[in-house]
2 protein chains.
Amino acid sequence: MKYVYRFDEGDATMKDLLGGKGANLAEMTRMGLPVPQGFTITTKACKEYISTGQMPARLMDQVSRALADLERASGRTFGAGSDPLLLSVRSGARFSMPGMMDTVLNLGLNDATVGALASASGDERFALDSYRRLLQMFGDVVLGIEHEVFEEALGTIRREEGADFDNEISVAGLAEVIAAYKRAYSAHGVEFPQDPRRQLALSIEAVFRSWDNPRAKTYRRLNGIPDDIGTAVNVQRMVFGNMGAGSATGVAFTRNPATGERERYGEYLLNAQGEDVVAGIRTPRPIAGLAEDMPEVWERLSAAFDELERHYAEMQDFEFTVERGHLHILQTRTGKRTAQAAVKIAVDMLEEGLIDVETSLMRVKPEQLEMLLHRQIDPKAKHDPVTRGLSASPGATAGQVVFTADDAVEWNGEGKRVILVRIETKPDDIHGFDAAAGILTSTGGMTSHAAVVARAMGKPCIAGAEALRIDYAARRMTVGDIVICEGDVVTIDGTRGEVMVGELPMVEAKISGDLARFLANADRVRRLGIRANADTPESAAKAIEFGAEGIGLCRTERMFNAVDRLPSVQQMILSKDADERRSILDTLFAFQKADFREILSIMDGKPVIVRLLDPPLHEFLPTRAELEAELDALRTERSLARVHGRAPDVSSLPRGVAELVSSGGLEAFDGLIAERMSMLASIEELAEVNPMLGHRGVRLGITHPDIYEMQIRAIATAAAELVREGKDPRPEVMVPQVTLRRELDVVKRTFDRVIAEVVRESGVELHIEYGTMIETVRACLVAEDLAGVADFFSFGTNDLTQATFSFSREDAEAKFLPFYETMEIIDGNPFQTLDPEGVAGLVATGVKHGRKKRKDLTVGICGEHGGDPASVHLFHGIGLDYVSCSPFRIPIARLAAAQAALEGKRSKGKKA
Amino acid sequence: MKYVYRFDEGDATMKDLLGGKGANLAEMTRMGLPVPQGFTITTKACKEYISTGQMPARLMDQVSRALADLERASGRTFGAGSDPLLLSVRSGARFSMPGMMDTVLNLGLNDATVGALASASGDERFALDSYRRLLQMFGDVVLGIEHEVFEEALGTIRREEGADFDNEISVAGLAEVIAAYKRAYSAHGVEFPQDPRRQLALSIEAVFRSWDNPRAKTYRRLNGIPDDIGTAVNVQRMVFGNMGAGSATGVAFTRNPATGERERYGEYLLNAQGEDVVAGIRTPRPIAGLAEDMPEVWERLSAAFDELERHYAEMQDFEFTVERGHLHILQTRTGKRTAQAAVKIAVDMLEEGLIDVETSLMRVKPEQLEMLLHRQIDPKAKHDPVTRGLSASPGATAGQVVFTADDAVEWNGEGKRVILVRIETKPDDIHGFDAAAGILTSTGGMTSHAAVVARAMGKPCIAGAEALRIDYAARRMTVGDIVICEGDVVTIDGTRGEVMVGELPMVEAKISGDLARFLANADRVRRLGIRANADTPESAAKAIEFGAEGIGLCRTERMFNAVDRLPSVQQMILSKDADERRSILDTLFAFQKADFREILSIMDGKPVIVRLLDPPLHEFLPTRAELEAELDALRTERSLARVHGRAPDVSSLPRGVAELVSSGGLEAFDGLIAERMSMLASIEELAEVNPMLGHRGVRLGITHPDIYEMQIRAIATAAAELVREGKDPRPEVMVPQVTLRRELDVVKRTFDRVIAEVVRESGVELHIEYGTMIETVRACLVAEDLAGVADFFSFGTNDLTQATFSFSREDAEAKFLPFYETMEIIDGNPFQTLDPEGVAGLVATGVKHGRKKRKDLTVGICGEHGGDPASVHLFHGIGLDYVSCSPFRIPIARLAAAQAALEGKRSKGKKA
């Protein structure tokens, strides 16, 4: 088994075996770029280690041989001689997991070689600092000594010497630090191995081990990276950016990762090691500065920018080090980018002829688009930033300030929106990123941990807001004389890097420019239609703007819930009198007709599927507890008024209750109490054990036929009026919760009769389709039968998932689903991504049986899954006609549908 | 199209065309029995009439030809001449619908022929009475004049003449009745048609029309008779049982329909028409009396008994009339019988060689057996009947007295058990039979409407309890000086015909004698295994007694709910402390182990599937409302005690709350209030929106692993102890609510570990199977996967039905399912009989996929459907290994399984 590959033995295609970093180091070696030489230990070796707990036999023999080659090529000896060869050991998995696994640098130094390094470099300070760094990393990574121990020792000397930064510590001070570090090893019961080969072997093993550390596992889970692929280990000759004035280290992107502009982007620190840039301890300079600082290096580096991007046909993120005037490229990888940049780069590279349209479309993850569609601060709003930082990840958000990742998780769990504020962030903080709406740090640059992770997650982030003074202990931060405490609300604008106190008004995003071009390409490729779930004129307009081809789900219960209608709805529910009920329904008819007119008018010429009333009636009444509290307040005040012989005092009532009382007289109280009592009785009558499976949807439509009749008439009348005004309204009527063919038949009779009446009265011909939600399991099973009545199907995958799993979504998400996800009993939340085994199978069954009966049956899906990319892939595969999702998910669905079509074509190609 | 068949043109196989009655009249004509001749109008004619609303063209031509044949054969002329031929017109569908449709007798009489009849018969009274009857029936049936109008006119004359019965009215009186009837016609704006052929045509049409009268529709729905088969109409020469002393009419059964004894059974009235027997107005004499009254007729009749039974190889129920010494048989049909009689006749006829074992087994409806398994009055209980009546339908029951069918329905709807008490019952009362637990009438015989219907429904009934004086207006009845008012509880024993005041203790039925022999035959034929749902030693013992081959479902939550365990269970739920929790689980372990020991011991050598805890934890706590009421009572009393400076008074508390307080001190109150407050908090924490789809079953088992671990250990330990005592316990462990393969995996790890520990500790080898309920839809869909872990499947078809329909059973049955059944939107309650389209398909999918993975997978069903015959047929067809049902349904399941096997064989035979 070959476990070790020299860089000149591999290439970019070998990522599975050599990891991303190793494969690219090999590729760059082939390209002739100045890569410090070394070798890669394969992921196979790691997998063997993980499964057996043992280093593979013969591995270290192969390492020795590769090391001998390296020594021969460099003319130096590892950890020995007058100019000792030093090595770095870095992890490198198939997929990038920045900062998640471990790295050890400067291997080969020991009490003896540190002197040789000092002589060879002519810089004792540098040599001691390098040794100090080795001791610190090795102690932390290989031997598990807490890194705070080393920070403390370093801090002590820094304070003693009055130094602000580590690089100001004196030679003597560094010697003391080394002594202190060694004492820390002893206190830990271990010793630093002086034998360089032992250092190397232990470091390789430590990197293997780090594959399964908790933060790496969390990262993999969040990013959908498999647990069983292991990491490769790259052993590479050390080059030093901290070897004095002619040295530097930096990180570069071939295009701007925030905006996507085609420009040389990056930053560097003079006389520093790479970790100093990433850790965000010193604030680095923009890359263009190198043209002045090191003109020759800049020329070589500029060429590398072009070569890399041309070679990979993709934006590259690479690290470089300048050691005494010599440029070295340490690694390259596909650069992470903001959504905005991803779209711009995809569109630009297509236009530049670097990539084709398929590649362009596959270059953006659909989920990324969401960020572009998020709100920004209203440009008209006056806003005074209290401070500024780097625009690390665009988008604006507001939230309450918290200072630890744990607090972010806890507060978020309580339903609060939070901004995580840190001096700097570390991989350990990853759970806090997940919980926070935005991230704000006082140190670090565009490539700091906070910036990289926030961009990857699509969360607004401001990094390096240096004016902030953060006091973790007091749970507050100050900027000038402004104090912001934990829990205070701030707004951060990651696009502009501005921090504001309080919550600012926001505006919605628009689709234009690059995004519009990109999505137009997606539209040319996709087969699935895209509709919107929208039940207000505003959301209908938004749907059109975002590219919806119709409304797949217009719920009518939200209209019932509107403040001006709810009292009528409640009156209807409570009414025992047929005449009264009819007159209330007339009022509701007028409301609903107006609603439908507006929406149909906006969606002129496009289909609008209106779902008849779905929720159980008790959802329109207050809860029992609310009513009991109201009654209690009313009765108490009435009793007091009686006892004291005065008029009851409305002002003594809680606000909500006081608003109910129109006048303060006792009669008003009596009347209101009687009315509330009667409502309470209705609530008890309507109460259900399992409302999700109760008296709702078509069941209600059948037992209370006047409601559906009113709704159907409102839809038809609105359409007839619009036709007369020269418009082209296309309403379709959808019946929810159907289980039995005869349920559809019964409502169909009302539908036919009412449409005929409206046609007769209005003199307008109407062609309104009649269809059904497929959201019960039985509906999928008897779909052939249902298609005998229904012109169209629309799958309600939320309810269908609940019924298939026997999981009540609310209860499951509150009680056991998160636990199931953590325990990996379930692969993700089936309410977010369609269950490919169970629910998808039922959808496919429903489609097949429905089309068997009616070839031209239109079949869509209008659950939340319609906006989830993985689910959209499943729906494409099942052969639906369209997906319908919330307006803000439409661009995501357009892209996901295009990608599904491309992948479908690709896998067909493979088969053929 | 041939619409009319003379009796000598048909035979018994032509029931679809001629109806049951017509086919049998033809068959008896062929047999040479003395059947008054006539002809049958086919069901096709009726169907045409129903669909077109028109009498089929040419129908009356064919009737005229058949009538001419009849006139020729009888030598008399229809409705003319000196001895006019008179006709009856009777309905007769494919399936017997006694009393549901209409009949007209004495057709052919008019103002002229009534005189001829008087002369020919020499009995003017008889002629007038016959005419009076024609006018009454024709008015009611053909012209829709309410029959009360005629009853009233008749009653007036009876009172004027001081006559007790109609047959005491004088000739002049009858003439006056006829005149009054004609006035009633005029008041109704119609006239009685004097033309006999017009009478006939209108009567035939009226019978057609009566197919769709409401009570016929209800009857068909209750009895599963299709609506589209129509009725035939039999036109037959009238013979008169009321032509004086040598005449009689009667109803006979070839065996005793109550007990099944092989004896000539029936009753007759001298000088009466058939309707007088059925209506129960006069109490008839037992059939054997004829031997004395009419010895020659008796001889001929006895022969007919034998001929009919031998010919049909089935117990016959036939009607006869003796006209002046001549016996006529008017119809025969398969006799309805009690369950007891059905079993005895099936067994006896098999032993007599009349039928084979298959026929014997098909002769009893499985549902009928339930009656034999119902409770009887404890023989040891002292009981003083207040009165006696006929043993019209066996079995005993108690309930509150109601006097109208409507009240029976209403009271039953309120959850009350009621006894319907009537002077006599009519087909209009059919809905009351459905709602009542038993029926009691003060008039009528064994073949009265009440008796026939009650037997068919398997409800206890006492008919003709003549000492009862029933006062509908006052809503009470008296017997001697005992007054029983509406709402009072009585016990009726239909087996012995005894009525008792109050509710008597009952005992359960035993399986022995005929039933045991019958079921043993069933066991030899069936393929399905039969197990019981039992979770107490008592029900396990009952299961064995009724023939269970194991326990298919032993729920453990009932054990948790037992009075002595519930406090521990609640303590466990409320406990926040791990140590405390562990100690409570130890207590519960001891309880459960003892439970399992007992049940496993009773079921020695038979499988016992124990289901791990299923319901959500909140089910073990009081409801919020209960707790709030308790808290309120406790706080109020504590406040009062404080204000008055006295010790709190337990006696002032409601009973339930008082019991909670162990001592009366203030501290006890404080402690209890604190405890209840903490329980209230837990209830709120555990509350769920849709508990049926919530945190229960395996979800609870995984998040609270110590509960399942305790239960598995209790099962295994109980088994180990029994093995050491030389027993053969066969427990199996079943996990509920499984949706995901990994849920089963997680519990399996605990299972394997605990079993291994018990094996190690006890030194006993245990082989305990591990299986899963299949009660979520997803479990059916991923059954192949589940069978990779599970040794057995048991379908929970109640939950599966809920999930498939998205019907919460409780809510559906309370809110809309009855409405759906009435509206015929659904074919019956899917919680009673398995939905053959949706749910049965899922079960079949689950079985197929499960067996694909594991050939020897044991598959059963343990929902309530396991005891429903139609569902058992479906399960047989799907190929399950067994059904499991409540002990009392086991005999039913045994028979249903046998019938399913026989029908399976038959349909296979047909295919081959």
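A. The overall build of chain A, seen in detail. Along chain A, the regular secondary structure elements total 37 helices and 31 strands. Projecting the C-alpha coordinates of chain A onto the three principal axes gives extents of approximately 105 × 80 × 50 Å. By the burial criterion, 57% of the 912 residues in chain A qualify as buried. The long-range share in chain A, meaning contacts at least 24 apart out of those at least 6 apart in sequence, stands at 68%. Of the roughly 36000 Å² of accessible surface on chain A, a fraction of 49% belongs to carbon and sulfur atoms. Computed over 108 positive and 135 negative side-chain charges, the inter-centroid distance for chain A is 5 Å.

B. View of the pattern of salt bridges. Per the stated rule, a full pass over the model turns up 147 salt bridges over all chains. A salt bridge links B:Arg133 to B:Asp129, with the nearest nitrogen and oxygen atoms 3.1 Å apart. Remark: B:Asp129 and B:Arg133 occur in helix α5 (residues 124-142); sequence separation between them is four residues, near one turn of the helix. There is no split in this pair, since B:Arg133 and B:Asp129 are both buried. When the shortest N-O distance is used, the salt bridge between B:Asp706 and B:Arg581 registers 2.7 Å. Here B:Arg581 lies in helix α23 (residues 578-602) and B:Asp706 lies in helix α28 (residues 705-724), a separation of 125 residues in the sequence. In this structure, a network of salt bridges that share partners links the residues A:Lys2, A:Arg6, A:Asp8, A:Glu9, A:Asp69 and A:Arg72.

C. Representation of the packing of helix α5 (residues 124-142) of chain A against helix α8 (residues 196-210) of chain A within the structure. Residues and elements named next belong to chain A. The contact between α5 and α8 brings their axes to 10 Å, and the two run at 45°. It follows from the interaxial angle that α5 and α8 lie oblique. Relative to α8, α5 is oriented so that their crossing is left-handed. Counted together, Leu134, Phe138, Val141 and Val142 of α5 and Gln199, Leu202, Ser203, Ala206 and Arg209 of α8 form the full contact between these two elements. Considered class by class, the residues forming the contact of α5 with α8 number six nonpolar, two polar and one charged.

D. Fine view of the sheet that holds strand β17 (residues 461-463) of chain B. Residue and element names in this part refer to chain B. With respect to topology, eight strands assemble into an open sheet ordered β12-β22-β21-β14-β15-β16-β17-β13, the strand pairing being mixed. Two strands bound the open sheet, and with one partner strand each, they are β12 (387-388) and β13 (390-393). Sheet topology places β12 next to strand β22 (residues 498-501); two bridges connect them, and they run antiparallel. Bridge pairing links Arg388 to Glu498 in β22. Across the sheet, helix α16 (residues 405-413) touches β14 (396-402) and β15 (418-422), and the angle it forms with β14 is around 110°.

E. Representation of the confidence of the model for chain A. Taken as a whole, chain A shows an average pLDDT of 91; of its residues, 98% reach a score of 70 or greater. With a pTM of 0.79, the predicted complex shows an ipTM of 0.78.

F. Region of interest: helix α36 (residues 869-878) of chain B. For α36(B), the full list of buried residues reads B:Pro869, B:Ser871, B:Val872, B:Phe875, B:His876 and B:Ile878. Directly beyond the C-terminal end of α36(B), a positive phi value near 90° is found at B:Gly879.

G. Representation of the relation of the copies chain B and chain A in the model. Relative to chain A, chain B is turned by 179° and slid 0.2 Å along the rotation axis, the superposed coordinates differing by an RMSD of 0.4 Å. Overall, the copies show the geometry of a two-fold rotation axis. Distance from the rotation axis, computed per C-alpha, reaches its smallest value in chain B at B:Asn690: 2.2 Å. When the interface residues of chain B are mapped onto chain A, 100% of them are again interface residues, pointing to one common binding face.

H. Structural view of the packing of aromatic side chains. Residues and elements named next belong to chain A. Using the criterion set out here, one finds 30 aromatic pairs over all chains in the structure. Both rings, one in Tyr185 and one in Phe192, keep their centres 6.0 Å apart while their planes meet at 85°; by these two values the pair is edge-to-face. For Phe192, a relative accessible area of 5% gives the class buried. The cationic tip of Arg94 hangs over the ring face of Phe95; the distance from NZ or CZ to the ring centre is 5.1 Å.

I. Representation of the pairing of strand β29 (residues 792-795) of chain A. Residue and element names in this part refer to chain A. Every second residue of β29 is oriented toward a common face, with Phe792 and Ser794 on one face and Phe793 and Phe795 on the other, all of them buried. As defined by bridge partners, strand β28 (residues 769-774) adjoins β29 across four bridges and the pair is classed as parallel. For Gly771, the partnering residue across the bridge sits in β29 and is Phe792. Where β29 meets strand β30 (residues 858-861), four bridges bridge the pair, whose relative direction is parallel. By the bridge assignment, Phe795 is partnered in β30 with Ile861.

J. Just a negative patch on the surface, in detail. Residue and element names in this part refer to chain A. A grouping of Asp140, Glu146, Glu148, Glu151 and Glu152 is seen on the molecular surface, where their side chains present a negatively charged patch. Ranked by residues supplied to the negative patch, first place goes to helix α6 (residues 147-161) with three residues. Along the chain, Asp140 falls in helix α5. Relative accessible area serves as the criterion here: at 31%, Asp140 is assigned to the partly exposed category.

Procedures and definitions
- Residues numbered from 1 in each chain as written.
- Chains lettered and ligands numbered in written order.
- Predicted model: local features only at pLDDT ≥ 70, side-chain atom pairs only at ≥ 80, totals over all residues.
- Heavy atoms only, no water.
- Helix = DSSP H or I, 4+ residues; strand = E, 2+ residues; numbered from the N terminus.
- Buried < 20%, exposed > 50% of the residue type's maximum accessible area, 1.4 Å probe, protein only.
- Contact = heavy atoms within 4.5 Å.
- Areas by Shrake-Rupley, 256 points an atom, 1.4 Å probe, with all protein chains shown as cover.
- Lys, Arg positive; Asp, Glu negative; His and termini not counted.
- Charge placed at Lys NZ, Arg CZ, Asp CG, Glu CD.
- Salt bridge = Lys/Arg side-chain N within 4 Å of Asp/Glu carboxyl O.
- Axes fitted to C-alpha atoms, helices over the stretch in contact; angles between N-to-C directions.
- Parallel < 35°, antiparallel > 145°, perpendicular 65-115°, else oblique.
- Left-handed = near helix turned anticlockwise from the far one by under 90°.
- Nonpolar A, V, L, I, M, F, W, Y, C, P; charged D, E, K, R; others polar.
- Pairing = 2+ DSSP bridges.
- pLDDT = per-residue confidence, 0-100.
- Least-squares fit on C-alpha atoms with pLDDT ≥ 70 in both.
- Phe/Tyr/Trp six-rings, centres within 6.5 Å; stacked < 30°, edge-to-face > 60°.
- Lys NZ or Arg CZ within 6 Å of the ring centre and 35° of its normal.
- Patch = residues over 30% accessible without salt bridge, like charges linked within 9 Å, V, L, I, M, F, W, Y side chains within 5 Å.

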